[in-house]
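Residue-level listing of the chains:
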Amino acid sequence: MRIFKFGGAAVKDAAGIQNVAKVLEQVGYKDVFLVVSAMGKMTNAFEKLTAAYFYNTSESFKYVDEVRAYHYKIINDLFSDNRNEVLIEIERLFAEMTQFMIRNESKDFNYVYDQLVSYAELLSTKIVSAYLNVIGVESTWLDVRSCIETNSDFRDAKVNWETTKQQILENVSRDKLQITQGFIGRDADQNTTTLGREGSDYTAAIFAYCLKAENVTIWKDVEGVLNADPRHFEETTLLQRISYTEAIELAFYGASVIHPKTLQPLQKSEIPLYVKSFKDAAKKGTIVTKGTAIIPEVPCFIVKKDQILVSISSLDFSFIVERNISEIFNLIHEQKMKVNLIQNSAISFSVCLEDKYQNFDQLVAVLEPQFKIEFHKGVSLQTIRHFSPKAIQKIERNNKVLLKQLTQETVQIVIE
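### Focus on the nonpolar core
Counting residues in each nonpolar core, the largest one holds 103 residues, and the members touching the most others are Ile3, Phe6, Phe46, Ile127 and Phe207. Setting aside residues no more than four positions away along its own chain, Ile127 makes contact with Ile17, Met39, His71, Ile74, Ile75, Leu78, Phe79, Val86 and Ile90.

### Digging into the packing of aromatic side chains
The geometry of two aromatic rings is summed up by the distance between their centres and the angle between their planes. Counting across every chain of the model gives 15 aromatic pairs. On the basis of an interplanar angle of 5° and a centroid distance of 5.8 Å, the ring pair of Phe6 and Trp219 is categorised as stacked. With a gap of 213 residues between them, Phe6 in strand S1 (residues 2-6) and Trp219 in strand S8 (residues 215-220) connect regions that are remote in the sequence. With respect to burial, Phe6 and Trp219 carry one shared label: buried. Taking 6.3 Å as the distance between ring centres and 50° as the angle between the ring planes, the aromatic pair formed by Phe109 and Tyr113 counts as tilted. Placement of the pair is Phe109 and Tyr113 together in helix H5 (residues 109-117), with a separation of four residues, close to one helical turn. A residue is classified by how much of its surface remains accessible, and Tyr113, at 3% relative accessible area, is buried.

### Looking at the pairing of strand S6 (residues 184-187)
Covered by surrounding structure in S6 are Ile184 and Arg186 together with Gly185 and Asp187, the residues of both alternating faces. In this sheet, S6 lies alongside strand S4 (residues 149-150) in parallel orientation, the contact comprising two bridges. Note that in S6 the partner of Thr150 across the bridge is Asp187. Following S6, the chain reverses through four residues before pairing antiparallel with strand S7 (residues 192-194); Gln190 in that reversal takes a positive phi of roughly 70°.

Thresholds, definitions, all that
Residues numbered from 1 in each chain as written. Predicted model: local features only at pLDDT ≥ 70, side-chain atom pairs only at ≥ 80, totals over all residues. Heavy atoms only, no water. Core = buried A, V, L, I, M, F, W, Y, C linked by side-chain atoms within 4.5 Å. Buried < 20%, exposed > 50% of the residue type's maximum accessible area, 1.4 Å probe, protein only. Contact = heavy atoms within 4.5 Å. Phe/Tyr/Trp six-rings, centres within 6.5 Å; stacked < 30°, edge-to-face > 60°. Helix = DSSP H or I, 4+ residues; strand = E, 2+ residues; numbered from the N terminus. Pairing = 2+ DSSP bridges.

Right, dumping it as structure tokens:
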């Protein structure tokens, strides 16, 4: 089997969905299992809906109307005679969601987030599956929650691999095209969970590993894996081939094309990963597999914006030792902060943090009684793999450097 994953950019509108069908017809779909993300920026829209609902603002049902209208427009653009059938399915999902909003009594934001944001994936796949059937590409819609079981770490759930593999083998047909959702799963108590933002790539890898797939293809709006994000760099180079190890390194440092958790199950079973353009399916794109680290070998630039550089030192100017570092990391973990860089000296300890859950003020509050805290918000972390002096100069030119750290293959620079 081949596993295909189409992201939000591929299905953002009716023309995008029609193009997905063309790609399937062009490359063949007899042996394909399809993972599809939420449409366009709908995950962001559902996040706004969730925040409005959870914090009891008057806008929550306004957002429901907005996301309904978005999906209705796509349905109206795609369907003519068969519109009512898909509208019934879509309205059933909206009814489920609004009933949850009425009945819910949970005060756990992460739990509520997973129950609501997951509907973006369910709506998307219902529409795509219905369209494929209408044009003669026979497909079956599969609820991914019947396949992927996780723990109850809402918004960052961990996969129960043994149960998941058993359920995937029971529910996936090798004889026909099936379409399922990325990003979501279900815990043992039947609560919907999510695998973390951009988790649809990971979903594709989970199915590939459990099904012993021939390969995985992630269809993007770029030609393949580039050495830099074209949103931040004018000149980019297509990476034709990357090893699993190198791709994991790039993902670890924040390369946005491949999800960090996607690569490990593929590497374990030596399943090749292709990153190709849905705009031109004939192009070769990038392959991630065993072998040479990177072809061509060029500097790779990774940018992480909206970071917080924190310097922590002792109130009495004593050394920062292992016990202090352990305590600091424990507090960072409790506040669900992501550490992207570490640097320590005798009397201070610096970290570059990502405040995904807006918990930084709480972290400062628990650290300040014991340590002196200095921080810079809104900084940018620039990472260069396979750096050269020219590549470093490119980043440092006209920027104020707050911190710089070099290893054999990688340099990380925090700039203001």
